[in-house]
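Per-entry structural report
So you can see what is in the structure, the chains are spelled out below.
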Amino acid sequence: MPIEVGLVHEINMTVEESDTARASGGESLPPVFSTPRVIAMLERSAHRGILPLLPEGQTSVGVVVNVRHLASTPVGMEVRFRAELLEVDRRRLRFKVEAWDEQEKIAEGEHERFIIDKAKFEERLAAKIASMGK
């Protein structure tokens, strides 16, 4: 099955204490769903949507994130993340991403992923690590 414009994938999660701004940034921040975790889950929804359609030996990596975090979500609330594929340009994929908690839309934006060959990626990474002299 080819990766085509219009593909939609959704995932859900319940916000836990470890997902909060306070947990990642310190006690001065509120105990609400953090922006980095929102973005990570939006990326995950896009990646998981295409993963079953990729040939063996390929995966995808995020390369662009442009997201507005619109509203706070407390611990214990369920959040739904949605990624819709808007454009396929060879190995570059552009998604519309959105998230809603139980009361309102909490995030919206665009995200791009790039399809990569795992073996080539790992070779380049190993070479980079080796160049560190460690």
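Provided above is the structure to which this section pertains.
Computed from a prediction, not measured in an experiment: that's the story for all the values here.

Each value, and the rule that gives it
- Residues numbered from 1 in each chain as written.
- Predicted model: local features only at pLDDT ≥ 70, side-chain atom pairs only at ≥ 80, totals over all residues.
- Heavy atoms only, no water.
- Helix = DSSP H or I, 4+ residues; strand = E, 2+ residues; numbered from the N terminus.
- Buried < 20%, exposed > 50% of the residue type's maximum accessible area, 1.4 Å probe, protein only.
- Contact = heavy atoms within 4.5 Å.
- Areas by Shrake-Rupley, 256 points an atom, 1.4 Å probe, with all protein chains shown as cover.
- Lys, Arg positive; Asp, Glu negative; His and termini not counted.
- Charge placed at Lys NZ, Arg CZ, Asp CG, Glu CD.
- Polar contact = N/O pair within 3.5 Å; in protein donor to acceptor, adjacent residues only side chain to side chain.
- Expected span 1.5 Å × (residues − 1).
- Phe/Tyr/Trp six-rings, centres within 6.5 Å; stacked < 30°, edge-to-face > 60°.
- Lys NZ or Arg CZ within 6 Å of the ring centre and 35° of its normal.

Take the overall build of the protein next. In terms of regular secondary structure, the protein is built from three helices and five strands. Reading the protein from its N end, one meets helices and strands in the order β-α-α-β-β-β-β-α. With the C-alpha coordinates of the protein rotated into their principal frame, the extents come out at 45 × 40 × 20 Å. A burial count over the protein gives 33% of its 134 residues as buried. The contacts in the protein between residues at least 6 apart in sequence include a share of 65% that link residues at least 24 apart. For the protein, the accessible surface area stands at approximately 7900 Å², while carbon and sulfur atoms represent 50% of it. Once the 19 positive and 22 negative side-chain charges of the protein are each reduced to a mean point, those two points are 6 Å apart.

For the rest of this paragraph, the subject is the side chain of S60. For S60, the location among the structural elements is in strand β2 (residues 58-69). Of the polar contacts made by the side chain of S60, one reaches the side chain of H47; its length is 2.6 Å. In contact with S60, other than residues within four places in its own chain, are H47, I50, L54, R113, F114 and I115.

Moving on, we get to helix α2 (residues 35-50). End to end, α2 covers 23 Å across 16 residues, agreeing with the expected 22 Å (1.5 Å per residue, within 8%). Buried residues of α2: V38, M41, L42, S45, A46, H47, G49 and I50, and no others. As for α2, its buried residues are in contact with β1 (8-14), β2, β3 (78-89), β4 (92-101) and β5 (105-117).

With that out of the way, let us pick up the packing of aromatic side chains. A ring pair, where both rings are aromatic, is described by two values, the distance of the centres and the angle of the planes. Inspection of the entire model under this criterion finds one aromatic pair. Both rings, one in F33 and one in F81, keep their centres 6.2 Å apart while their planes meet at 65°; by these two values the pair is edge-to-face. Here F33, found in the loop between α1 (21-25) and α2, pairs with F81, found in strand β3; they are 48 residues apart in sequence, far enough to count as distant. Judged by relative accessible area, which is 0%, F81 ranks as buried. The side chain of R80 reaches across the aromatic face of W100, ending 4.2 Å from its centre.

Next up on the list: the environment of R94. Counting through the fold element by element, R94 comes out in strand β4. Look past the residues within four positions of R94 in its chain and what remains in contact with it is E84, L85, L86, E87, E110, H111 and E112. A distance of 2.9 Å separates a polar atom in the side chain of R94 from a polar atom in the side chain of E110.

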